[in-house]
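# Fold and contact review
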Amino acid sequence: MSVRELAGARVYVCADTGPGLADDRNLSDLIGELYGAEVRLVAIPLARLGPDFLRLSSGVAGHVLQKLVNYRFQIAVLGDVTAAAQASGPLRDFVTESNRGRTVWFVDDFAALEAKLVESA
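This structure is a prediction, so every number in the text was calculated from the model and none was measured. (Residues numbered from 1 in each chain as written. Predicted model: local features only at pLDDT ≥ 70, side-chain atom pairs only at ≥ 80, totals over all residues. Heavy atoms only, no water.)

## Some thoughts on the side chain of Lys116
The topology assignment puts Lys116 in helix α5 (residues 110–120). Excluding its chain neighbours within four sequence positions, the residues that come into contact with Lys116 are Asn99, Trp105 and Val107. (Helix = DSSP H or I, 4+ residues; strand = E, 2+ residues; numbered from the N terminus. Contact = heavy atoms within 4.5 Å.)

## Let's talk about the environment of Ala15
Within the secondary structure layout, Ala15 lies in the loop between β2 (9–13) and α1 (24–37). Considering only alpha carbons, one finds Ala15 and Asp52, 37 residues apart in sequence, at a separation of 19 Å. Ignoring sequence-local partners within four residues, the contact set of Ala15 consists of Pro45 and Arg48.

## Describing the packing of α1 against helix α2 (residues 60–70)
Following both chains from N to C, one finds α1 and α2 inclined at 25 degrees, their axes separated by 11 Å at the closest point. The angle between α1 and α2 places the two elements in the roughly parallel class. Like other packed secondary-structure pairs, α1 and α2 cross with a definite hand, here right-handed. When α1 is examined against α2, the residues Asp24, Leu27, Ser28, Ile31 and Leu34 are found in contact with a partner set consisting of His63, Val64, Lys67 and Leu68. Split into classes, the residues belonging to the contact of α1 with α2 amount to five nonpolar, two polar and two charged. (Axes fitted to C-alpha atoms, helices over the stretch in contact; angles between N-to-C directions. Parallel < 35°, antiparallel > 145°, perpendicular 65-115°, else oblique. Left-handed = near helix turned anticlockwise from the far one by under 90°. Nonpolar A, V, L, I, M, F, W, Y, C, P; charged D, E, K, R; others polar.)

## What about the layout of surface pockets?
Over the atoms a probe the size of a water molecule is rolled, and this reveals where empty space is left. In this structure, the largest pocket encloses a volume near 170 Å³. Along its surface, the largest pocket is lined by 14 residues, and Tyr12, Pro19, Leu30, Glu33 and Arg48 are the ones closest to its centre. In terms of residue count, the dominant contributor to the lining of the largest pocket is α1 (four residues). (1 Å grid on protein atoms, 1.4 Å probe; cavity = no way out; pocket = protein on both sides within 12 Å on 5 of 7 lines; lining within 4 Å. Points joined across faces, edges and corners; volume = space filled by probe spheres on them.)

## Describing the pairing of strand β1 (residues 3–6)
Pairing of β1 with β2 involves four bridges; the strand directions are antiparallel. By the bridge assignment, Leu6 is partnered in β2 with Ala9. Here β1 folds back onto β2 in antiparallel fashion, the turn holding two residues, of which Ala7 has a positive phi close to 50 degrees. (Pairing = 2+ DSSP bridges.)

Listed below in structure tokens is the structure:
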């Protein structure tokens with residue numbers, strides 16, 4: 001477990017490696033850890049979300065994000081989604097709309113996440 005302060009916010013940072021969070025059991029374990037860490041924002045490396053996460057028709061992104069949102073967590077997906085978004089209009093639209101809001105963000109790295117936090121304050 002790692003908690004970082006970014007732009008005045010406590011951020012739970014998932015490790016780059018570990019169990020896949022598209023798995024319901026692992027996702028439930030993460031939610032328990034988030035409550036224990038007393039954070040509202042979780043930064044998840046794209047690699048931890050599995051190969052189907054960016055394929056919207058798989059339903060993986062919807063399942064993972066909806067479960068975290070239902071528990072009132074804000075999510076930052078860390079990683080470059082540019083190529084996948086360019087190849088899929090629906091994904092590009094989803095990323096664009098998500099980044100306009102305050103609940104789910106797609107950012108390249110911690111510097112970009114910090115900038116989003118400052119912008120949304």
